[in-house]
Amino acid sequence: MKTKIKKVDYRSVYDSRGVETLEVDIYTEAGWGRAAAPFGAPGSRGEFEAAADTLRLPLFKLLNKEGPYTIPYPLGNIIGGGAHSLGPAPDMQEHLVVPIGAKSMQEAVAVNLAVHEEAGRLLEKKDPAFAGGTDDESAWTANLNDFEALEVLEAACAHISDKTGVEIRMGLDLAADRLWDGDKKLYHYTREGIIRNTQQQLDYLCKLTERFNLIYVEDGFNSNDYEAFAALNSRIGKRSFVCADDLYASNAERTLTGVTKKSAGIMILKTNQIGSVTGLQKTAAVAKEHEVRYILSHRSGETPDDSIAHLAVALNALMIKTGVKGGERLAKLNELMRIEGEYDLPMVRWPEF
């Protein structure tokens, strides 16, 4: 058989953080493939890819032979904070945008890059100490609290939306496990100097969603609090996506627990979080069965491997979360633009709230 694996080579390489990770070459009788695993907390590793080259198929068609295929919207981190940033920065990990009015991936990528550039200009005015610093996902990092960061992002989105005619919406990834004190059952906002209990955290996120018309709130609570996620989803789920990342961990069983509690309207999928493509497909099937949308996501420590672009197309993901700038981030977006152009694929339909 042409797909029979004849040889496997592997080596250590380094990701975008300079952390050692694994690259594998797989040889068959008819071809070979290479993949490098990203390394993100908690650091699980795993990838694939040579079966596709051997069969002379693009990877997304190997993963989904029947179709249909669609292009996801790029969800991009513009202003970073939390554990991803060094020095004074917002408490929340990511202040995000998604160009929901874009008609193509080409346009969507250009819009996100324009918002990133405009936000940099505005940060120079907002923060006198801002020197163009970025975090490990190439998002801006500045001496602001989260509300101020959202104000900058709001202004940048408005300017670029007026310029391009593309509707752009904002979102947050709190990575709330980093804020959570499990012993005291409190969320610590070091930059703000504020402590919030779960009810106060819920009210705070609802207020931010209302004030900034947020379309997306990821990991707003610690990764064991299905009930708090469900409470947020009950309050804002008809106008924006409550997203589970650490809560579901790309795991089918955790996802099933969450969907029965109605904890989230959308979830993150990461291949090496669950450890295999088949595991990821199983989790995606659970989500789809229960009408939960999903996002294919990069890791904070990334490689140029573009596999998740194909996974996003094959699974008809609503979004792909893979940064805005940086070679290892743009590798995925460039691959999606290639797929879009070569196969004339449409953007996935954005849902009505």
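Conventions adopted
Residues numbered from 1 in each chain as written. Predicted model: local features only at pLDDT ≥ 70, side-chain atom pairs only at ≥ 80, totals over all residues. Heavy atoms only, no water. Helix = DSSP H or I, 4+ residues; strand = E, 2+ residues; numbered from the N terminus. Rg over C-alpha atoms; globule rule 2.2 N^0.38 Å. Contact = heavy atoms within 4.5 Å. Lys, Arg positive; Asp, Glu negative; His and termini not counted. Charge placed at Lys NZ, Arg CZ, Asp CG, Glu CD. Pairing = 2+ DSSP bridges. Axes fitted to C-alpha atoms, helices over the stretch in contact; angles between N-to-C directions. Buried < 20%, exposed > 50% of the residue type's maximum accessible area, 1.4 Å probe, protein only. Disulfide = S-S within 2.5 Å. Parallel < 35°, antiparallel > 145°, perpendicular 65-115°, else oblique. Left-handed = near helix turned anticlockwise from the far one by under 90°. Nonpolar A, V, L, I, M, F, W, Y, C, P; charged D, E, K, R; others polar. Core = buried A, V, L, I, M, F, W, Y, C linked by side-chain atoms within 4.5 Å. Salt bridge = Lys/Arg side-chain N within 4 Å of Asp/Glu carboxyl O. pLDDT = per-residue confidence, 0-100.

A. Expanded view of the overall build of the chain. Counting its secondary structure elements, the chain contains 11 helices and 14 strands. Since a compact globule built from 353 residues should have a radius of gyration of about 20 Å, the 20 Å found for the chain is in line with a globular shape. For the chain, the spread of C-alpha atoms along the three principal axes comes to 60 × 40 × 40 Å. Put simply, of all contacts in the chain between residues at least 6 apart along the chain, 65% involve residues at least 24 apart. The average position of the 41 basic charges and that of the 51 acidic charges among the side chains of the chain differ by 3 Å.

B. Highlighting the sheet that holds strand β4 (residues 73-80). Pairing within the closed barrel is mixed, and its eight strands lie in the order β4-β5-β6-β10-β11-β12-β13-β14. Between one strand and the next, the sheet's axes are offset by a mean angle of 30 degrees, whatever the strand orientation. Sheet topology places β4 next to strand β14 (residues 319-321); three bridges connect them, and they run parallel. Looking across to β14, one finds that L75 is bridged to K321. Packed on one face of the sheet, helix α3 (residues 105-126) meets β4 and β5 (94-98) and runs near 10 degrees to β4.

C. The arrangement of the pairing of strand β6 (residues 169-173) in detail. Burial analysis of β6 places five of its five residues in the buried class, which makes it a mostly covered element. Of the two faces of β6, the one carrying R169, G171 and D173 and the one carrying M170 and L172 are both buried. Judged from the three bridges that link them, β6 and strand β10 (residues 216-218) form a sheet pairing that is parallel. For D173, the partnering residue across the bridge sits in β10 and is E218.

D. Local environment of the state of the cysteines. Here the structure, examined in full by the defined rule, presents zero disulfides. This cysteine, C206, is not joined by any disulfide, and C243 carries the nearest cysteine sulfur, 16 Å off. Given a relative accessible area of 11%, C206 falls into the buried group.

E. Spotlight on the packing of α3 against helix α4 (residues 146-164). In the contact formed by α3 and α4, the axes pass within 8 Å of each other and the chain directions differ by 130 degrees. Between α3 and α4, the crossing angle belongs to the class labelled oblique. The two elements α3 and α4 cross, and the hand of that crossing is right-handed. Where α3 approaches α4, its residues V111, A114, V115, E118, A119, L122, L123 and K126 are matched on the opposing element by E148, E151, V152, L153, A155, A156, C157, H159, I160 and T164. Split by residue class, the contact of α3 with α4 holds 12 nonpolar, two polar and four charged.

F. Broad picture of the nonpolar core. With 97 residues, the main nonpolar core has I78, V115, Y216, L232, L296, M319 and W350 as its most contacted residues. Ignoring sequence-local partners within four residues, the contact set of Y216 consists of L75, L96, M170, G171, L172, S240, F241, C243, I266, I268, I295 and M319.

G. The arrangement of the pattern of salt bridges in detail. A full pass over the atoms with the stated rule returns 18 salt bridges. We note a salt bridge from E218 to K321, for which the minimum N-O separation is 2.6 Å. Separated by 103 residues along the polypeptide, E218 in strand β10 and K321 in strand β14 bring together distant segments of the chain. Just as E218 is buried, K321 falls in that class too.

H. The arrangement of the confidence of the model for the chain in detail. Averaged over every residue, the pLDDT of the chain is 91; the share at 70 or more is 93%. Below pLDDT 50 for its whole length, residues 42-50 participates in 33 contacts with residues either more than four positions away or in separate chains.

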